[in-house]
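# Chain and residue survey
Listed below are the residues making up each chain.
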Amino acid sequence: SYSRNLNHLWSTGGVVLLWDEPIVEWYYPLLETGVTHLVVNRSTAEAVVERLEADPAEYARLAAGAEWVDKKVMSAEPMAEYFFHVLEAIRRHVRYDLV
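## Regarding the overall build of the chain
When its secondary structure is counted, the chain shows four helices and two strands. Seen in sequence order, the chain has helices and strands lined up from the N terminus as α-β-β-α-α-α. In terms of overall dimensions, the chain is more spread out than a globule: its C-alpha atoms have a radius of gyration of 17 Å, far above the 13 Å expected for 99 residues. Taking the principal axes of its C-alpha atoms as reference, the chain extends roughly 60 × 25 × 20 Å. Within the chain, buried positions represent 24% of all 99 residues. Restricting to contacts in the chain with at least 6 residues of sequence separation, those with at least 24 account for 49%. Side-chain charges in the chain split into 9 positive and 15 negative, and the spacing between the mean points of these groups amounts to 8 Å.

## Let's talk about the nonpolar core
With 11 residues, the main nonpolar core is built from Leu6, Trp10, Val16, Leu18, Tyr27, Tyr28, Leu31, Ala66, Val69, Val73 and Met74. With four residues, helix H3 (residues 56-74) is the single largest residue contributor to this core. Core analysis: the second largest hydrophobic core is formed by six residues, Leu38, Val40, Leu52 and Leu62 among them.

Rules used in this analysis
Residues numbered from 1 in each chain as written. Predicted model: local features only at pLDDT ≥ 70, side-chain atom pairs only at ≥ 80, totals over all residues. Heavy atoms only, no water. Helix = DSSP H or I, 4+ residues; strand = E, 2+ residues; numbered from the N terminus. Rg over C-alpha atoms; globule rule 2.2 N^0.38 Å. Buried < 20%, exposed > 50% of the residue type's maximum accessible area, 1.4 Å probe, protein only. Contact = heavy atoms within 4.5 Å. Lys, Arg positive; Asp, Glu negative; His and termini not counted. Charge placed at Lys NZ, Arg CZ, Asp CG, Glu CD. Core = buried A, V, L, I, M, F, W, Y, C linked by side-chain atoms within 4.5 Å.

Structure (structure tokens):
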């Protein structure tokens, strides 16, 4: 699936290109276009890849941004913390302790 493959791409050491579409993953608010990834579509993908091939510094900067996502967002500890907070918010809202 797109999501599963994307989760793996952050750890590959390369630049992540996200397709411009309305799909939203839970961690997207933590991303910053131009820092952690680039957004492409059918008309921009080729030019973006050519620009990255011609600019090793930009490639390296974006690869470092993807590495940050892998270590600070996609690794086990940050994911566990995120889901802890989600479940805690649900618990506070639903209040199963009152049943």
